[in-house]
Amino acid sequence: MNDRLDAHDRRILAELTRNARIPVAELARKVGLSKTPVALRIKHLEEMGLITGYRAILSPLKLGLTHVTYVEVSMSDTREAALQQFNAAVRAIPEIEECYMIAGGFDYLIKVRSRDMADFRRIMAERISGLPHISNTSSYVSMEAVVEQNFTFG
């Protein structure tokens, strides 16, 4: 996919990841093209599936979600059906901000965002511990976010 992107496409993506609400006229000025070619390039990048959407990025801190815990999950069953059941169930828990299947000493790594330790304890007891096919979990509380960002281009 990277081979099909020229310098203008890369600059457009870099600008849009910084500010997706930038007016097309301003974006065109920044990347050195006129409005129509920029609009066509954005449409093409969307059709290619490179731009998958636009969204507001909320501040978890302003929402009172200051507590981040990472949970290692080991599964009792790693056959495909069990993994699919776990994946579907984990997607239904709004407090889980991220979840990755891991190659290594455990099966999944989950990022949980909560208000405080009591809230995290409730989430563990009521939601995460009831996920299908879990055999073991280990939790790690984050003390500080040193780097925390969405993916940007450029």
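None of these values were measured; they are calculated from a predicted model.

A. Representation of the nonpolar core in the model. With 16 residues, the main nonpolar core has V71, V73, F86, I96, I110, V112 and I128 as its most contacted residues. Going through the elements one at a time, β1 (67–75), α4 (80–91), β3 (108–114) and α5 (117–126) are the ones with two or more residues in this core. If sequence neighbours within four positions are ignored, I96 has contacts with V90, I110, K111, V112 and I128. Membership of the second largest hydrophobic core comes to 12 residues, among which are I22, L27, V31 and V38.

B. Examining the pattern of salt bridges more closely. Evaluated as defined, the whole model comprises 16 salt bridges. The partner of D119 in a salt bridge is R115, and the shortest N-O contact between them spans 3.4 Å. A single salt-bridge network, built from bridges that share partners, covers E95, R115, D119, R122, E126 and R127.

C. Focus on the packing of helix α1 (residues 7–18) against helix α3 (residues 35–47). Interhelical geometry of α1 versus α3 gives an angle of 80° and a closest axis separation of 11 Å. On the basis of the axis angle, α1 is roughly perpendicular to α3. In this structure, α1 contributes H8, D9, I12, L13 and L16 to the contact, and α3 contributes V38, R41, I42 and L45. By residue class, the composition of the contact of α1 with α3 is 6 nonpolar, 1 polar and 2 charged.

D. The arrangement of the layout of surface pockets in detail. In this structure, the second largest pocket encloses a volume near 450 Å³. Lining the second largest pocket are 17 residues, with I57, L58, P60, E97 and R113 sitting closest to its centre. With 3 residues, strand β2 (residues 96–101) is the largest single contributor of residues to the lining of the second largest pocket. Class assignment of the residues belonging to the lining of the second largest pocket gives a composition of 8 nonpolar, 3 polar and 6 charged.

E. Fine view of α5. Here α5 has its buried residues at D119, F120, I123 and M124. Each buried residue of α5 sits inside an arc of 140° when the element is viewed along its axis, so together they form one side. α5 presents A118, R121, A125 and E126 as exposed residues on the side facing more than 90 degrees away from its buried surface. In this structure, the buried residues of α5 make contact with β1, β3 and β4 (134–141).

F. Structural context of the side chain of D9. Here D9 is to be found in helix α1. A polar atom in the side chain of D9 sits 2.8 Å from the side chain of R41. In contact with D9, other than residues within four places in its own chain, are R4, R41 and L45.

G. Summary view of the packing of helix α2 (residues 24–31) against α3. In contact at an axis separation of 9 Å, α2 and α3 are set at 100° when each is read in the N-to-C sense. The orientation of α2 with respect to α3, classified from their angle, is roughly perpendicular. Along the contact surface, α2 presents V24, A25, L27, A28 and V31, while α3 presents K35, V38, A39 and I42.

Basis of the calculations
- Residues numbered from 1 in each chain as written.
- Predicted model: local features only at pLDDT ≥ 70, side-chain atom pairs only at ≥ 80, totals over all residues.
- Heavy atoms only, no water.
- Core = buried A, V, L, I, M, F, W, Y, C linked by side-chain atoms within 4.5 Å.
- Buried < 20%, exposed > 50% of the residue type's maximum accessible area, 1.4 Å probe, protein only.
- Helix = DSSP H or I, 4+ residues; strand = E, 2+ residues; numbered from the N terminus.
- Contact = heavy atoms within 4.5 Å.
- Salt bridge = Lys/Arg side-chain N within 4 Å of Asp/Glu carboxyl O.
- Axes fitted to C-alpha atoms, helices over the stretch in contact; angles between N-to-C directions.
- Parallel < 35°, antiparallel > 145°, perpendicular 65-115°, else oblique.
- Nonpolar A, V, L, I, M, F, W, Y, C, P; charged D, E, K, R; others polar.
- 1 Å grid on protein atoms, 1.4 Å probe; cavity = no way out; pocket = protein on both sides within 12 Å on 5 of 7 lines; lining within 4 Å.
- Points joined across faces, edges and corners; volume = space filled by probe spheres on them.
- Arc of directions from axis to C-beta.
- Polar contact = N/O pair within 3.5 Å; in protein donor to acceptor, adjacent residues only side chain to side chain.

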